[in-house]
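Chain by chain, the residues:
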Amino acid sequence: MGIRSVFDGGELRREVEKSGIDPKFIPKIWKHILISAKDEDWDWEKQVPSLPSSAYSLLRSNFKTPLSSSIHSVFHSADNLTTKLLIQLHHNHGPFVEAVIMRYDTRLGKYAGQPRPGGLRATLCISSQVGCKMGCNFCATGSMGFKNNLSSGEIVEQLVHASTFSQIRNVVFMGMGEPLNNYSAVVEAVRIMTGLPFQLSSKRITISTVGIIHAINKLHDDLPGLNLAVSLHAPAQDIRCQIMPAARAFPLGKLMDSLQVYQRKSLQKIFIEYIMLDGVNDEEHHAHLLGKLLETFQVVVNLIPFNSIGTLSQFKPTSEQKVSNFQKILRGTYNIRTTVRKQMGQDISGACGQLLVNISDKSLGTAVPLTDIEDIVI
Ligand code: SF4
């Protein structure tokens, strides 16, 4: 396949080198695109000055416009804290993916009893695939099935689009798709995001996976320093298989062994995501099983209240009281740092597990104030 996007870093580098152009110009090209991404009439000479003439010929022949994707629709939550971008790929002829910007004020949160330092910041929840083949039963994206892998450039373009709305400080791969099923594109996209001109800190990038063991085994070597979040969602293999069919291929024991090795190498805490499903995985004995499973790890558990996805799922949310009891057991008995994810963007279907391309979905209601994985990542 040729270059889909000017942000397909590896492909672009190969083309640039083949044409005898110094690859040092690539970050410069990206910087000017980032600055002028909103410009309607694109002229490579005007918007990206001072390149060698061979670079202009290469850019003009490969890219009529600087971005291969475009924003089709924008949905703002009623409190303006969440913005969902519906992005169309392949120059208005391709499929759609969603990216969600979540803004919040760190000073609203507490750390060691004090308001957190910082201020306003924005996290971008990014998609890595069109649809997803993992088929988790509680997830709207899973109901779409798998359609396509995004290229590294198509992943990075979501950051470029989002940057025209907010200054993005954190990126979480928790949108559509299983990032580790599109491994090489995701690795390249993260490398681009941490380099010039984006320069995001790898500490502020989180990859969330259902637990693709062979990919976890090489992740630290390929991308040291980033955050790993594992969608565990159950403390036992049989319950995992019931709600996440893909878990059959990744037995819980083997997954935990691979996380042990990952933690020994990375020396970083691992984030455990646990969606609370009424009567399925939210009883006291589940909390004790989870506590025992995680006792020997440095982890932060993030309990996620289930978002209704209408008729797409038979599950019901756990009551607040039960969530709170679950949290108390993990904290009190097992001394495991455990947070409850506050919900945001539910009114625009931008919350966790709700990303499902639905062009007619323009419903707006009232969103709830938030914290985010960012609050536990830092
Ligand atoms: S929860 Fe994640 S891995 Fe599971 S189906 Fe949804 S997008 Fe895919």
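Conventions and cut-offs
- Residues numbered from 1 in each chain as written.
- Predicted model: local features only at pLDDT ≥ 70, side-chain atom pairs only at ≥ 80, totals over all residues.
- Helix = DSSP H or I, 4+ residues; strand = E, 2+ residues; numbered from the N terminus.
- Buried ≥ 20, exposed ≤ 12 C-beta atoms within 10 Å, placed from the backbone.
- Contact = placed C-beta atoms within 7 Å.
- Core = buried A, V, L, I, M, F, W, Y, C linked by C-beta atoms within 7 Å.
- Domains from an automatic or database assignment.
- Pairing = 2+ DSSP bridges.
- Axes fitted to C-alpha atoms, helices over the stretch in contact; angles between N-to-C directions.
- Parallel < 35°, antiparallel > 145°, perpendicular 65-115°, else oblique.
- Left-handed = near helix turned anticlockwise from the far one by under 90°.
- Nonpolar A, V, L, I, M, F, W, Y, C, P; charged D, E, K, R; others polar.
- Expected span 1.5 Å × (residues − 1).
- Arc of directions from axis to C-beta.
- pLDDT = per-residue confidence, 0-100.

Draft legend 1. Summary view of the overall build of the protein. Looking only at helices and strands, one finds 12 helices and 14 strands in the protein. The 378 residues of the protein split such that 46% are buried. Look at the contacts in the protein between residues 6 or more apart in sequence, and 69% of them connect residues 24 or more apart.

Draft legend 2. Just the environment of Glu-273, in detail. Position of Glu-273 among the secondary structure elements: in strand β12 (residues 270-276). For Glu-273, a count of 21 C-beta atoms within 10 Å gives the class buried. Ignoring any residue separated from it by four or fewer positions in sequence, one finds Glu-273 in contact with Ser-208, Ala-229, Val-230, Ser-231, Leu-232, His-233, Asn-302 and Ile-304.

Draft legend 3. Structural detail: the environment of Asp-39. Within the secondary structure, Asp-39 sits in the loop between α2 (25-36) and α3 (44-47). On the neighbour-count criterion, Asp-39 (13 C-beta atoms within 10 Å) is partly exposed.

Draft legend 4. Layout of the nonpolar core. Among the nonpolar cores identified, the biggest contains 92 residues, and Ala-99, Leu-124, Ile-126, Leu-159 and Ile-272 are the most heavily contacted of them. Residues lining this core come from more than one domain, with at least three contributed by each of domain 1 (9-62) and domain 2 (70-377). Look past the residues within four positions of Ile-272 in its chain and what remains in contact with it is Val-230, Leu-232, Leu-294, Val-299, Val-301 and Asn-302.

Draft legend 5. The sheet that holds strand β11 (residues 227-231), seen in detail. Reading across from one edge, β1-β2-β3-β6-β9-β10-β11-β12-β13-β14 is the order of the 10 strands in this open sheet, with mixed pairing throughout. Edge positions in the sheet fall to β1 (70-76) and β14 (337-340), since each has one partner strand and no second. The sheet shows a mean angle of 25° between the axes of neighbouring strands, direction not considered.

Draft legend 6. Representation of the packing of helix α5 (residues 152-163) against helix α6 (residues 183-194). The N-to-C vectors of α5 and α6 enclose an angle of 45°; their axes lie 8 Å apart at closest approach. When the interaxial angle is binned, α5 and α6 end up oblique. For α5 against α6, the interelement crossing comes out right-handed. Here Ser-152, Ile-155, Val-156 and Leu-159 of α5 lie close against α6, whose contacting residues are Ala-185, Val-186, Glu-188, Ala-189, Ile-192 and Met-193. A breakdown of the residues in the contact of α5 with α6 according to their chemical character gives eight nonpolar, one polar and one charged.

Draft legend 7. Geometry of helix α9 (residues 252-266). For α9, with 15 residues, the first-to-last C-alpha span of 21 Å sits near the 21 Å given by 1.5 Å per residue. What α9 keeps buried is the set Leu-255, Ser-258 and Leu-259. For α9, the angular spread of the buried residues around the axis is 105°, confining them to a single face. What points out from α9, more than 90 degrees from its buried face, is the exposed set Gly-253, Lys-254, Val-261 and Arg-264. Structurally, α9 contributes buried residues whose contacts are with α7 (213-222), β11 and β12. In the segment just after α9, Leu-267 is the residue with positive phi, at about 55°.

Draft legend 8. Molecular detail of the confidence of the model for the protein. Looking at the protein, pLDDT values average 89 and 87% of them are 70 or higher. Note on residues 359-378: pLDDT is under 50 here. Beyond four places in sequence and across chains, it has 51 contacts.

Draft legend 9. Summary view of the environment of Phe-165. Its place among the elements puts Phe-165 in the loop between α5 and β9 (168-173). On the neighbour-count criterion, Phe-165 (16 C-beta atoms within 10 Å) is partly exposed. With 64 residues separating them along the chain, Phe-165 and Ile-101 place their C-alpha atoms 8.5 Å apart. For Phe-165, the contacting residues outside a window of four places in its chain are Thr-83 and Ile-101.

Draft legend 10. Looking closely at helix α1 (residues 9-18). Turning to α1, its buried residues are Gly-9, Glu-11, Leu-12 and Val-16. When α1 is viewed along its axis, its buried side chains cluster within an angular range of 165° and face the same direction. Set apart from the buried face of α1 by more than 90 degrees, the exposed residues are Glu-17 and Lys-18. Tucked inside the fold, the buried residues of α1 contact α2, α4 (53-62), α5 and α6. Gly-20 sits one or two positions beyond α1 and adopts a positive phi of about 75°.

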